[in-house]
Amino acid sequence: MPDRSSILGDYYYREAKRHGYRSRSALKLLEISDKFRIFRRGDVVVDLGSAPGGWLQVARQLAGDDGLVIGVDLAEIDPLPHENVILLRGDAGSPQLQDELVKLTGAAADVVTSDMAPKFTGIHDLDHGRQIALANVALEVAKMVLRPGGKMVLKVLMGADFEAFRKDVQRLFANVRVYKPNASRDSSSEVYFVCTRFSGPSGD
Ligand SMILES: C[S@@+](CC[C@H](N)C(=O)[O-])C[C@H]1O[C@@H](n2cnc3c(N)ncnc32)[C@H](O)[C@@H]1O
(Lines give C-alpha, C1' and ligand atoms only; values in the text may rest on other atoms or scores of the structure.)
Protein backbone atom coordinates (compact mmCIF):
# COMPACT_ATOMS: atom_id res chain seq x y z
CA MET A 1 0.00 0.00 0.00
CA PRO A 2 1.62 3.37 -0.99
CA ASP A 3 2.05 5.85 1.88
CA ARG A 4 0.52 9.35 2.00
CA SER A 5 3.80 11.01 1.02
CA SER A 6 4.20 8.99 -2.19
CA ILE A 7 0.53 9.49 -3.16
CA LEU A 8 0.90 13.27 -2.68
CA GLY A 9 4.28 13.19 -4.44
CA ASP A 10 2.65 11.57 -7.47
CA TYR A 11 -0.19 14.07 -7.31
CA TYR A 12 2.15 17.10 -7.37
CA TYR A 13 4.27 15.52 -10.06
CA ARG A 14 1.17 15.04 -12.26
CA GLU A 15 -0.08 18.54 -11.52
CA ALA A 16 3.29 20.05 -12.48
CA LYS A 17 3.26 18.07 -15.73
CA ARG A 18 -0.34 19.02 -16.45
CA HIS A 19 0.53 22.72 -16.19
CA GLY A 20 3.65 22.33 -18.32
CA TYR A 21 6.19 22.95 -15.55
CA ARG A 22 9.60 21.33 -15.83
CA SER A 23 9.70 20.32 -12.15
CA ARG A 24 7.26 19.55 -9.33
CA SER A 25 9.30 22.11 -7.38
CA ALA A 26 7.59 24.79 -9.48
CA LEU A 27 4.42 24.17 -7.45
CA LYS A 28 6.29 24.95 -4.23
CA LEU A 29 7.35 28.35 -5.53
CA LEU A 30 3.86 29.09 -6.84
CA GLU A 31 2.42 28.26 -3.44
CA ILE A 32 5.01 30.41 -1.63
CA SER A 33 4.47 33.28 -4.02
CA ASP A 34 0.67 33.09 -3.63
CA LYS A 35 0.87 33.06 0.13
CA PHE A 36 3.55 35.72 0.61
CA ARG A 37 3.12 37.83 -2.55
CA ILE A 38 6.72 37.47 -3.66
CA PHE A 39 6.67 38.45 -7.34
CA ARG A 40 5.32 41.54 -9.08
CA ARG A 41 5.08 42.42 -12.76
CA GLY A 42 8.33 43.94 -13.97
CA ASP A 43 10.49 42.37 -11.25
CA VAL A 44 14.17 41.64 -11.78
CA VAL A 45 14.69 38.11 -10.42
CA VAL A 46 17.84 36.05 -9.85
CA ASP A 47 17.15 32.31 -9.49
CA LEU A 48 20.04 30.18 -8.17
CA GLY A 49 20.06 26.43 -8.85
CA SER A 50 17.57 26.69 -11.70
CA ALA A 51 17.87 23.42 -13.61
CA PRO A 52 15.71 22.02 -15.09
CA GLY A 53 13.83 25.33 -14.94
CA GLY A 54 10.52 25.00 -13.07
CA TRP A 55 11.20 28.00 -10.79
CA LEU A 56 12.35 30.00 -13.81
CA GLN A 57 9.01 29.31 -15.51
CA VAL A 58 7.12 30.50 -12.43
CA ALA A 59 9.29 33.61 -12.00
CA ARG A 60 8.92 34.50 -15.69
CA GLN A 61 5.17 33.92 -15.59
CA LEU A 62 4.76 36.25 -12.58
CA ALA A 63 7.32 38.91 -13.55
CA GLY A 64 5.79 39.07 -17.03
CA ASP A 65 7.05 40.63 -20.26
CA ASP A 66 8.57 43.66 -18.51
CA GLY A 67 10.53 41.65 -15.97
CA LEU A 68 14.00 40.16 -16.22
CA VAL A 69 14.72 36.65 -14.95
CA ILE A 70 18.28 35.37 -14.63
CA GLY A 71 18.84 31.67 -13.95
CA VAL A 72 22.08 30.11 -12.71
CA ASP A 73 23.03 26.44 -12.49
CA LEU A 74 26.04 24.15 -12.63
CA ALA A 75 24.05 22.12 -15.14
CA GLU A 76 22.86 23.21 -18.54
CA ILE A 77 19.29 24.53 -18.65
CA ASP A 78 17.19 24.19 -21.78
CA PRO A 79 16.37 27.72 -22.95
CA LEU A 80 12.95 29.20 -22.18
CA PRO A 81 11.07 30.74 -25.10
CA HIS A 82 11.35 34.31 -23.74
CA GLU A 83 13.89 37.01 -24.50
CA ASN A 84 13.82 38.31 -20.94
CA VAL A 85 15.13 35.06 -19.42
CA ILE A 86 18.94 34.89 -19.26
CA LEU A 87 20.66 31.62 -18.37
CA LEU A 88 24.15 31.43 -16.86
CA ARG A 89 25.94 28.16 -16.47
CA GLY A 90 28.35 27.99 -13.52
CA ASP A 91 28.87 27.87 -9.78
CA ALA A 92 26.83 30.47 -7.88
CA GLY A 93 29.82 30.76 -5.55
CA SER A 94 32.27 31.81 -8.27
CA PRO A 95 33.39 35.45 -8.17
CA GLN A 96 33.22 35.76 -12.00
CA LEU A 97 29.64 34.57 -12.08
CA GLN A 98 28.73 36.85 -9.19
CA ASP A 99 30.31 39.83 -11.02
CA GLU A 100 28.15 39.01 -14.03
CA LEU A 101 25.05 38.92 -11.85
CA VAL A 102 25.89 42.33 -10.39
CA LYS A 103 26.31 43.74 -13.91
CA LEU A 104 23.09 42.21 -15.22
CA THR A 105 20.97 43.34 -12.26
CA GLY A 106 22.70 46.68 -11.70
CA ALA A 107 22.74 45.55 -8.03
CA ALA A 108 19.02 46.33 -7.97
CA ALA A 109 17.29 42.93 -8.18
CA ASP A 110 13.83 42.74 -6.61
CA VAL A 111 13.90 39.04 -5.74
CA VAL A 112 16.56 36.35 -5.26
CA THR A 113 15.37 32.74 -5.12
CA SER A 114 17.52 29.72 -4.35
CA ASP A 115 16.46 26.10 -4.62
CA MET A 116 20.12 25.03 -4.86
CA ALA A 117 20.77 21.56 -3.51
CA PRO A 118 23.90 19.43 -3.24
CA LYS A 119 24.04 15.86 -4.51
CA PHE A 120 22.44 14.11 -1.54
CA THR A 121 24.32 11.27 0.14
CA GLY A 122 21.49 10.12 2.44
CA ILE A 123 23.69 10.97 5.47
CA HIS A 124 21.57 13.65 7.05
CA ASP A 125 24.25 15.66 8.89
CA LEU A 126 26.44 15.77 5.80
CA ASP A 127 23.56 16.75 3.49
CA HIS A 128 22.38 19.38 5.97
CA GLY A 129 25.89 20.88 6.22
CA ARG A 130 26.27 21.04 2.43
CA GLN A 131 22.82 22.54 2.05
CA ILE A 132 23.62 25.24 4.63
CA ALA A 133 26.88 25.98 2.76
CA LEU A 134 24.85 26.53 -0.45
CA ALA A 135 22.33 28.65 1.44
CA ASN A 136 25.25 30.81 2.63
CA VAL A 137 26.37 31.21 -0.99
CA ALA A 138 22.84 32.31 -1.88
CA LEU A 139 22.88 34.83 0.95
CA GLU A 140 26.21 36.23 -0.29
CA VAL A 141 24.75 36.62 -3.79
CA ALA A 142 21.65 38.32 -2.34
CA LYS A 143 23.89 40.85 -0.53
CA MET A 144 25.52 41.73 -3.87
CA VAL A 145 22.48 41.95 -6.12
CA LEU A 146 19.37 42.78 -4.06
CA ARG A 147 18.05 46.31 -3.77
CA PRO A 148 17.12 47.54 -0.27
CA GLY A 149 13.57 46.34 0.41
CA GLY A 150 14.08 43.28 -1.84
CA LYS A 151 12.89 39.72 -1.17
CA MET A 152 14.40 36.28 -0.99
CA VAL A 153 13.13 32.67 -1.02
CA LEU A 154 15.76 30.19 0.09
CA LYS A 155 15.79 26.43 0.64
CA VAL A 156 17.48 24.77 3.62
CA LEU A 157 17.32 21.39 5.34
CA MET A 158 16.50 21.32 9.04
CA GLY A 159 19.44 20.29 11.21
CA ALA A 160 22.03 21.35 13.74
CA ASP A 161 23.07 24.61 12.03
CA PHE A 162 19.55 25.77 11.25
CA GLU A 163 19.12 28.22 14.16
CA ALA A 164 22.52 29.88 13.62
CA PHE A 165 21.70 30.29 9.94
CA ARG A 166 18.27 31.76 10.78
CA LYS A 167 20.04 34.44 12.86
CA ASP A 168 22.29 35.31 9.89
CA VAL A 169 19.22 35.69 7.68
CA GLN A 170 17.46 37.83 10.29
CA ARG A 171 20.40 40.24 10.34
CA LEU A 172 19.74 40.99 6.65
CA PHE A 173 15.95 40.99 6.36
CA ALA A 174 13.42 42.75 8.57
CA ASN A 175 10.84 40.01 7.98
CA VAL A 176 11.84 36.34 7.95
CA ARG A 177 9.43 33.40 7.95
CA VAL A 178 10.07 29.69 7.65
CA TYR A 179 7.55 27.82 5.53
CA LYS A 180 7.09 24.25 4.33
CA PRO A 181 4.93 24.20 1.20
CA ASN A 182 2.22 21.54 0.88
CA ALA A 183 3.95 20.48 -2.32
CA SER A 184 7.09 19.58 -0.32
CA ARG A 185 7.22 15.89 0.64
CA ASP A 186 6.30 15.16 4.29
CA SER A 187 9.36 12.94 4.51
CA SER A 188 11.75 15.70 3.43
CA SER A 189 13.39 17.94 6.03
CA GLU A 190 13.49 20.84 3.56
CA VAL A 191 11.93 24.15 4.49
CA TYR A 192 12.03 27.56 2.82
CA PHE A 193 13.03 30.89 4.28
CA VAL A 194 10.71 33.54 2.94
CA CYS A 195 12.37 36.89 3.54
CA THR A 196 11.16 40.40 2.80
CA ARG A 197 12.45 43.94 3.45
CA PHE A 198 16.15 43.45 2.74
CA SER A 199 18.01 45.96 4.84
CA GLY A 200 21.13 46.31 2.66
CA PRO A 201 24.36 44.30 2.43
CA SER A 202 25.68 45.32 5.83
CA GLY A 203 22.39 44.55 7.53
CA ASP A 204 21.62 48.16 8.52
C1 LIG B 1 16.45 20.91 -6.71
S2 LIG B 1 17.36 21.39 -8.13
C3 LIG B 1 16.53 22.87 -8.59
C4 LIG B 1 15.18 22.68 -9.23
C5 LIG B 1 14.66 23.97 -9.82
N6 LIG B 1 14.31 24.93 -8.78
C7 LIG B 1 13.45 23.73 -10.68
O8 LIG B 1 12.34 24.10 -10.27
O9 LIG B 1 13.59 23.21 -11.80
C10 LIG B 1 18.84 21.97 -7.43
C11 LIG B 1 19.84 22.52 -8.42
O12 LIG B 1 20.87 23.20 -7.71
C13 LIG B 1 22.01 23.17 -8.56
N14 LIG B 1 23.23 23.56 -7.82
C15 LIG B 1 23.82 22.91 -6.79
N16 LIG B 1 24.94 23.57 -6.40
C17 LIG B 1 25.04 24.68 -7.19
C18 LIG B 1 25.98 25.74 -7.28
N19 LIG B 1 27.04 25.82 -6.46
N20 LIG B 1 25.79 26.71 -8.20
C21 LIG B 1 24.72 26.64 -9.05
N22 LIG B 1 23.80 25.65 -9.01
C23 LIG B 1 23.95 24.67 -8.10
C24 LIG B 1 22.03 21.73 -9.04
O25 LIG B 1 22.83 21.59 -10.21
C26 LIG B 1 20.54 21.46 -9.28
O27 LIG B 1 20.20 21.64 -10.62
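Our subject in this report is the structure included herewith. A quick note: this is a predicted structure, and the numbers were derived from the prediction, not measured. (Residues numbered from 1 in each chain as written. Predicted model: local features only at pLDDT ≥ 70, side-chain atom pairs only at ≥ 80, totals over all residues.)

### Focus on helix α3 (residues 54-63)
- Within α3, 9 of the 10 residues are buried, which leaves the element mostly enclosed by the surrounding structure.
- Here α3 has its buried residues at Gly54, Trp55, Leu56, Gln57, Val58, Ala59, Arg60, Leu62 and Ala63.
- Where α3 ends, the next residue or the one after it, glycine 64, has phi of about 75°, a positive value. (Buried ≥ 20, exposed ≤ 12 C-beta atoms within 10 Å, placed from the backbone. Helix = DSSP H or I, 4+ residues; strand = E, 2+ residues; numbered from the N terminus.)

### Some details on the packing of helix α2 (residues 25-36) against α3
- Two elements in contact, α2 and α3, have axes whose closest approach is 7 Å; the angle formed by their N-to-C orientations is 35°. At the point where α2 passes α3, the crossing takes the right-handed sense. Of α3, the residues touching α2 (which contributes Ser25, Ala26, Leu29, Leu30 and Ser33) are Gly54, Trp55, Gln57, Val58 and Leu62.
- Of the residues assigned to the contact of α2 with α3, the class counts are 6 nonpolar, 4 polar and no charged. (Axes fitted to C-alpha atoms, helices over the stretch in contact; angles between N-to-C directions. Left-handed = near helix turned anticlockwise from the far one by under 90°. Contact = placed C-beta atoms within 7 Å. Nonpolar A, V, L, I, M, F, W, Y, C, P; charged D, E, K, R; others polar.)

### Considerations on the sheet that holds strand β3 (residues 85-89)
- Strand order in the open sheet formed by 7 strands is β3-β2-β1-β4-β5-β7-β6, and the pairing between neighbours is mixed. For this open sheet the edge positions go to β3 and β6 (173-179), each flanked by a neighbour on one side alone. Taken over all neighbouring pairs, the strand axes of this sheet differ in orientation by 15° on average, direction set aside.
- As defined by bridge partners, strand β4 (residues 109-114) adjoins strand β5 (residues 146-157) across 5 bridges and the pair is classed as parallel. (Pairing = 2+ DSSP bridges.)

Any link to function would need more than the numbers given here.
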